[in-house]
Structure formats: structure tokens, C-alpha cells
Amino acid sequence: MKIEYQKIVKVDELSQLVPTKSGATFSQLWQIFYYTRLFKYVSYKHYIQIKSSYNKICTEKKLKALCDLGYLKSPQNDVYCATNKVLPILKEAGFNVELLPNEPVGIGDINELNNTDVFVQALKRKHFYTLLFPNFKYLIPDALLVELDKENSKYKLTFLEIEASKPKWNEYLEQKRDNYLRLAKSIDFYQYWIEAAPKIGLTKPYIENFKFNVLFVCETERNFGKGFNFAKNGN
């Protein structure tokens, strides 16, 4: 969700980590917490890619201090996750926390960090609104990208599949396609969305107007038909 306004919130024990004389703000720290939780696994390079001014807070020393205080955790070197301790602060600061992903339990492996690469790229899209992480059991997308065109009162839903080459690559992609075709024919996603949409401030669509797209982010390209797209990044 693009951050346009937050309530002014300060936490005394974090004051030493916000160098206000250098131009840093508590608002930036809350944004850092928010994006860390939203993207699940974030490295130092990702923080700077999100916003270069985060470098005033996202130093190795300060990120370690945030881990020591329990706001972040580091499952491996140079990889950070946001703990549940950030949620009350984000809520108080005006962020929508209801559909943020659960606290991560993984280690931030290469696949998870590749996902974050694409999430950061998607953040730069003109109408980026938020990411969601639905689970349909037979299909677990890497993320659902929600884009909102406020001027025209429209939103777009795109499932992200961030893929690296695997054994039986063609069969793997075709199975993904078949699962999305199954999802399109079922009511599963519509039921998920009419519950999720109001929680993030969006209107419920009529089922006859409801549709979605799928973007495969990978080095290959296939013609899977209408609604399926392939790209090498998330921009």
C-alpha cells in the first residue's frame, strides 16, 4: 500500500536509532517496519532500493539494534524480518495491518529473496497499492499484486509467480497454468476477495465483473493465452 499519510507516533526506546538531525524521521522507521513485514524477507540492498533515504536508519549497527530490541529478527546474515512487536506501532501510526503476512519462520533463502526483488520492483509501479498472500491449498501464489487507479476508481488484481528454472520446467509451468484456470472457474478467489477487499479499503465487485491476471516473472516466455503474461522483472 503506498504510504501517503501516517499519524505522528514516537517510541522513546527507538529515538536513538532515528537520527533526526540528519533528516531521518520516525515516519521512515515505521515505513521500514511496514515494508519489512509486507515483503517478509528484506536485505540491506532492498531497503535502499525502496527509498534511498532509508540508509540513515538501515545501517548494520541500527538494524542489529532493532533485532536486539525485538522489532526485527535476522534469520541469516544481512536478511531481516519484522516480528509481531511492530504491529501495534504500525496500527497506531495508521497503517493497515489486518492482512499483513504472518511473522516469517523461514531463513530467507535465495528463492525468498528473489521474491523480494520482484516485490520491490512492483512497488515502483504507478498504481501499486499492496501485496496480499492468499492460499487456495491447490494453488499458493507468491503474491497477489493489487494496483489501484484512484483517478478512474479502478483496481487490478495480478497473481505473481516468481520462478527460477526447475527440473521438468515445462510440466511445472503448465501445471501452474492449469491451477489458475481451475481457480478462474471456481468461486474460491471471489470468496476470498469479497472478504479481503473491504479490509484494505476497496469495494466488492459483482461476480460477473470479477477477473484477475497472472504474471510469471522468469527468464522464459510461453503463450498461455488471455490473462497470462510473462516478464523478466516485476516493473
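All values derive from a computational prediction rather than experimental measurement.

(A) Structural context of the environment of Asn 135. Following the sequence through the fold, Asn 135 ends up in the loop between strand 4 (128-132) and strand 5 (143-149). In this structure the side chain of Asn 135 is engaged in a polar contact, spanning 2.7 Å, whose partner is the backbone nitrogen of Lys 137.

(B) The arrangement of helix 1 (residues 26-39) in detail. Under the 1.5 Å per step criterion, the end-to-end length of helix 1 is 20 Å for 14 residues, consistent within 8% with the ideal 20 Å. Of all 14 residues in helix 1, 13 are buried; the element is thus mostly enclosed. A positive backbone phi angle near 80° is found at Lys 40, which sits one or two residues after helix 1.

(C) Representation of unusual backbone geometry within the structure. Despite not being glycine, Lys 40 has its phi angle at roughly 80°, a positive value. By secondary structure assignment, the location of Lys 40 is in the loop between helix 1 and strand 1 (42-43). Of note, the phi angle at Ser 153 is positive, near 55°, even though the residue is not glycine. Examined against the element boundaries, Ser 153 turns out to sit in the loop between strand 5 and strand 6 (154-162).

(D) Focus on the nonpolar core. If you look at the biggest cluster of nonpolar residues, it comprises 48 residues, and the most contacted ones within it are Leu 14, Trp 30, Phe 33, Phe 39, Leu 72 and Leu 131. It is helix 1 that provides the largest number of residues to this core, a total of nine residues. Leave out the neighbours within four places in its chain, and Trp 30 touches Val 9, Lys 10, Val 11, Leu 14, Ile 89, Leu 90, Ala 93 and Phe 95. By size, the runner-up hydrophobic cluster in this structure holds 28 residues, among which are Leu 132, Leu 183, Phe 189 and Phe 216.

(E) Geometry of the environment of Asp 109. Following the sequence through the fold, Asp 109 ends up in the loop between helix 4 (87-92) and helix 5 (110-123). Counting along the chain gives 33 residues from Asp 109 to Gln 76, while the straight-line C-alpha distance between them is 8.8 Å. For Asp 109, the side chain forms a polar contact with the main-chain nitrogen of Asn 111, separated by 3.1 Å.

(F) Seen up close, the pattern of salt bridges. A complete count under the given rule lists seven salt bridges for this structure. As a salt-bridge pair, Lys 64 and Asp 68 come within 3.1 Å of each other at their nearest N and O atoms. Linking Lys 64 with Asp 68, this pair stays in helix 3 (residues 60-68), spanning four residues, or about one helical turn. Given the relative accessible area of 56%, Asp 68 is considered exposed.

(G) Quick peek at the sheet that holds strand 4. Spatial strand order, 4-5-6-7-8: five strands in an open sheet with mixed pairing. Bordering the open sheet on either side are strand 4 and strand 8 (228-231), each of which pairs with just one other strand. Going from strand to strand, the sheet's axes swing by 25° on average, the running direction of each strand aside. Pairing of strand 6 with strand 7 (residues 213-217), which is carried by five bridges, proceeds in the parallel orientation. Across the sheet, residue Leu 160 finds its bridge partner in strand 7, namely Leu 215.

(H) Quick peek at helix 6 (residues 169-185). For helix 6, built from 17 residues, the straight-helix expectation of 24 Å at 1.5 Å per residue is met to within 8% by its first-to-last C-alpha distance of 25 Å. For helix 6, every residue scored as buried is listed here: Trp 169, Leu 173, Lys 176, Asn 179, Tyr 180 and Leu 183. Angular distribution of buried residues about the axis of helix 6 spans 120°; they occupy a single face of the element. Residues of helix 6 that are buried sit in contact with strand 6, helix 7 (188-199), strand 7 and strand 8.

How each quantity is defined
- Residues numbered from 1 in each chain as written.
- Predicted model: local features only at pLDDT ≥ 70, side-chain atom pairs only at ≥ 80, totals over all residues.
- Heavy atoms only, no water.
- Helix = DSSP H or I, 4+ residues; strand = E, 2+ residues; numbered from the N terminus.
- Polar contact = N/O pair within 3.5 Å; in protein donor to acceptor, adjacent residues only side chain to side chain.
- Expected span 1.5 Å × (residues − 1).
- Buried < 20%, exposed > 50% of the residue type's maximum accessible area, 1.4 Å probe, protein only.
- Core = buried A, V, L, I, M, F, W, Y, C linked by side-chain atoms within 4.5 Å.
- Contact = heavy atoms within 4.5 Å.
- Salt bridge = Lys/Arg side-chain N within 4 Å of Asp/Glu carboxyl O.
- Pairing = 2+ DSSP bridges.
- Axes fitted to C-alpha atoms, helices over the stretch in contact; angles between N-to-C directions.
- Arc of directions from axis to C-beta.

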